[in-house]
Amino acid sequence: MPSAASFTTFLLISSLLASPFAWVAEANTYTSAPKVKGLSWTFYKSSCPKVESIVRKHLKKVFKEDVGQAAGLLRLHFHDCFVQGCDGSVLLDGSASGPSEQDAPPNLTLRAKAFEIINDLRELVHKECGRVVSCADLVALAARDSVFLTGGPDYEVPLGRRDGLTFATEEATLNNLLPGTANTTTILDLLKTKNLDATDAVALSGGHTIGIGHCSSFEERLYPTQDPTLAKTFAKDLKKVCPTPDFNNTTVLDIRSPNKFDNKYYVNLVHRQGLFTSDQDLYTDARTKDIVESFAADESLFFEKFVHSMIKMGQLSVLTGKKGEIRANCSVRNSDNKLLTSVVEDEAEEAWSELK
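It should be emphasised that the depicted structure is a prediction, and the values quoted were computed from it without experimental measurement. (Residues numbered from 1 in each chain as written. Predicted model: local features only at pLDDT ≥ 70, side-chain atom pairs only at ≥ 80, totals over all residues. Heavy atoms only, no water.)

### What about the overall build of the protein chain?
Part 1: Scanning the protein chain from terminus to terminus reveals 14 helices and 2 strands.
Part 2: Counting the 356 residues in the protein chain, one finds 51% classified as buried.
Part 3: Considering only contacts within the protein chain whose residues lie at least 6 apart along the sequence, 76% involve residues at least 24 apart.
Part 4: For the protein chain, the computed accessible surface area is about 16,900 Å², with 55% contributed by carbon and sulfur atoms. (Helix = DSSP H or I, 4+ residues; strand = E, 2+ residues; numbered from the N terminus. Buried < 20%, exposed > 50% of the residue type's maximum accessible area, 1.4 Å probe, protein only. Contact = heavy atoms within 4.5 Å. Areas by Shrake-Rupley, 256 points an atom, 1.4 Å probe, with all protein chains shown as cover.)

### With respect to the state of the cysteines
Part 1: Taken as a whole and judged by the stated rule, the model has 4 disulfides.
Part 2: Note that Cys 48 is cross-linked by a disulfide to Cys 129, the S-S spacing being 2.0 Å. Of note, the bridge from Cys 48 to Cys 129 carries an S-S torsion of about 70 degrees and is right-handed in sense. Taken together, the residues Cys 48 in the loop between helix 1 (4-25) and helix 2 (51-65) and Cys 129 in helix 4 (residues 112-129) connect sequence positions 81 residues apart.
Part 3: In this structure Cys 48 comes out as buried when scored by relative accessible area, which is 0%.
Part 4: For Cys 129, a relative accessible area of 18% puts it in the buried group.
Part 5: With its sulfur 2.0 Å from that of its partner, Cys 215 forms a disulfide with Cys 242. With the S-S dihedral at roughly -85 degrees, the linkage between Cys 215 and Cys 242 falls on the left-handed side. Of this pair, Cys 215 sits in the loop between strand 1 (212-214) and helix 9 (232-241) while Cys 242 is found in the loop between helix 9 and strand 2 (250-252), placing the two residues 27 residues apart along the sequence. Judged on exposure class, the residue Cys 215 and its partner Cys 242 are both buried.
Part 6: What connects to what in the protein chain, once the bonded cysteines are numbered by sequence position, is 1-4, 2-3, 5-8, 6-7. (Disulfide = S-S within 2.5 Å.)

### Some points on the pattern of salt bridges
Part 1: For the structure shown, the criterion picks out 11 salt bridges.
Part 2: For the salt bridge of Arg 56 with Asp 154, the shortest nitrogen-to-oxygen distance reads 2.9 Å. Remark: Asp 154 occurs in the loop between helix 5 (135-148) and helix 6 (170-176) and Arg 56 occurs in helix 2; sequence separation between them is 98 residues. You'll find Arg 56 and Asp 154 in the same group, each marked buried.
Part 3: With a closest N to O distance of 2.8 Å, Asp 285 and Arg 287 form a salt bridge.
Part 4: Owing to a relative accessible area of 14%, Asp 285 belongs among the buried residues under this scheme.
Part 5: Ionic contacts of the salt-bridge type, sharing partners, join the residues Glu 52, Arg 56, Arg 144, Asp 145 and Asp 154 into one network. (Salt bridge = Lys/Arg side-chain N within 4 Å of Asp/Glu carboxyl O.)

### Observations concerning the nonpolar core
Part 1: In this structure, Leu 91, Ile 118, Tyr 266 and Met 310 are the most contacted members of the largest nonpolar core, which totals 78 residues.
Part 2: For this core, the element with the highest residue contribution is helix 3 (residues 69-84), accounting for 9 residues.
Part 3: Counting residues in hydrophobic clusters, the runner-up holds 14 residues, among them Cys 215, Phe 218, Ala 235 and Val 241. (Core = buried A, V, L, I, M, F, W, Y, C linked by side-chain atoms within 4.5 Å.)

### Some thoughts on the side chain of Ser 89
Part 1: Among the secondary structure elements, Ser 89 is positioned in the loop between helix 3 and helix 4.
Part 2: Side chain to side chain, Ser 89 and Glu 101 meet in a polar contact 2.6 Å long. (Polar contact = N/O pair within 3.5 Å; in protein donor to acceptor, adjacent residues only side chain to side chain.)

### Points about the environment of Pro 179
Part 1: Positionally, Pro 179 belongs in the loop between helix 6 and helix 7 (184-192).
Part 2: The exposure class of Pro 179 is partly exposed, given its relative accessible area of 48%.
Part 3: Counting along the chain gives 97 residues from Pro 179 to Phe 276, while the straight-line C-alpha distance between them is 8.9 Å.

### What to know about the environment of Ile 326
Part 1: Mapped onto the elements of the fold, Ile 326 is located in the loop between helix 13 (299-313) and helix 14 (342-353).
Part 2: A residue is classified by how much of its surface remains accessible, and Ile 326, at 1% relative accessible area, is buried.

### Some points on the packing of aromatic side chains
Part 1: Enumeration over the complete set of coordinates arrives at 11 aromatic pairs.
Part 2: A centroid spacing of 4.9 Å and a plane angle of 80 degrees characterise the contact between Tyr 265 and Tyr 266, whose relative ring orientation is edge-to-face.
Part 3: By relative accessible area, Tyr 265 is classed as buried at 1%.
Part 4: Between Tyr 266 and Phe 295, the ring centres sit 5.2 Å apart and the planes meet at 70 degrees, which makes this aromatic pair edge-to-face. Placement of the pair is Tyr 266 in helix 10 (residues 264-270) and Phe 295 in helix 12 (residues 286-297), with a sequence separation of 29 residues.
Part 5: A network of ring pairs unites the aromatic residues Phe 261, Tyr 265, Tyr 266, Phe 295, Phe 302, Phe 303 and Phe 306 as a single cluster.
Part 6: The side chain of Lys 289 reaches across the aromatic face of Tyr 283, ending 5.0 Å from its centre. (Phe/Tyr/Trp six-rings, centres within 6.5 Å; stacked < 30°, edge-to-face > 60°. Lys NZ or Arg CZ within 6 Å of the ring centre and 35° of its normal.)

### Things to note about helix 4
Part 1: End to end, helix 4 covers 26 Å across 18 residues, agreeing with the expected 26 Å (1.5 Å per residue, within 8%).
Part 2: Taken together, the buried positions of helix 4 are occupied by Ala 114, Phe 115, Ile 117, Ile 118, Asn 119, Leu 121, Arg 122, Val 125, His 126 and Cys 129.
Part 3: Structurally, helix 4 contributes buried residues whose contacts are with helix 2, helix 3 and helix 5.
Part 4: Of the residues trailing helix 4, Gly 130 is marked for its positive phi of about 85 degrees. (Expected span 1.5 Å × (residues − 1).)

Here's what the structure looks like:
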């Protein structure tokens, strides 16, 4: 008969074997976040049941070669949603009607490879299912998998977004994408217009646990005088990266675990090692300091709040139903796509309408 000690050992080993997947199972509880009308947790269950596995499989290959692309895809989702909603408009190239969102200053540092990856995903998914999955949904799924595949939480994404027919003006892009020099008041004021609160602001800023920052985004903290909220040793290291104003270089956003999605970003803030003013001020400002400290102390809490906030953000001003379109090429509206015939357009729209 097994002893109590051996039974305890068996339970311990079993829990250790199961633990890597424990938090993945918890992802199902995140689907309780509010869902807007027109989106569904199982939108492609019949029309493209493999869409999520196709996206994840491809991104595993991409990140194996360059894990830095995860941050690029996550940032792409943020920059798409915050301007005129999660409609894939940031993917559009410019046209005769004007420059694209990509040409606006806040988007000039978006990774070119991120746009390529989305179009690669579009090609793989459309090859499997036909043109039924929107580019906007692919951006949302790619962002989720960028989080999960770098160590963050897995979670369900409500799907059914349609692709926008227009891109935002430069003014609208500038007004909705804040620079790294923004303070907490500016951040909270903007997010309030999108029904996002202080917890959302701090949680979404946690996306800076992966990725890089350009000297131009934080040099005002070094020159002409040093920001007193910067830890001295950290400031000294940054000056090695950016030895003079207007120096063209980059550094990691999270000095503790730059390629892992975790809560170390908040630990950095507590130690005055946030890269941007918009990061460090979250710890300086009394309205958000306690939230930063709670996330720094409890990674599970951060993951829970991050998922909730991402689902909220990922549904900003989405197009559903018959609004917008399902692009055949993520960077070109169907009306501008010379390779797209009217027959194909009709077939695709008919297929999509069957999903309703």
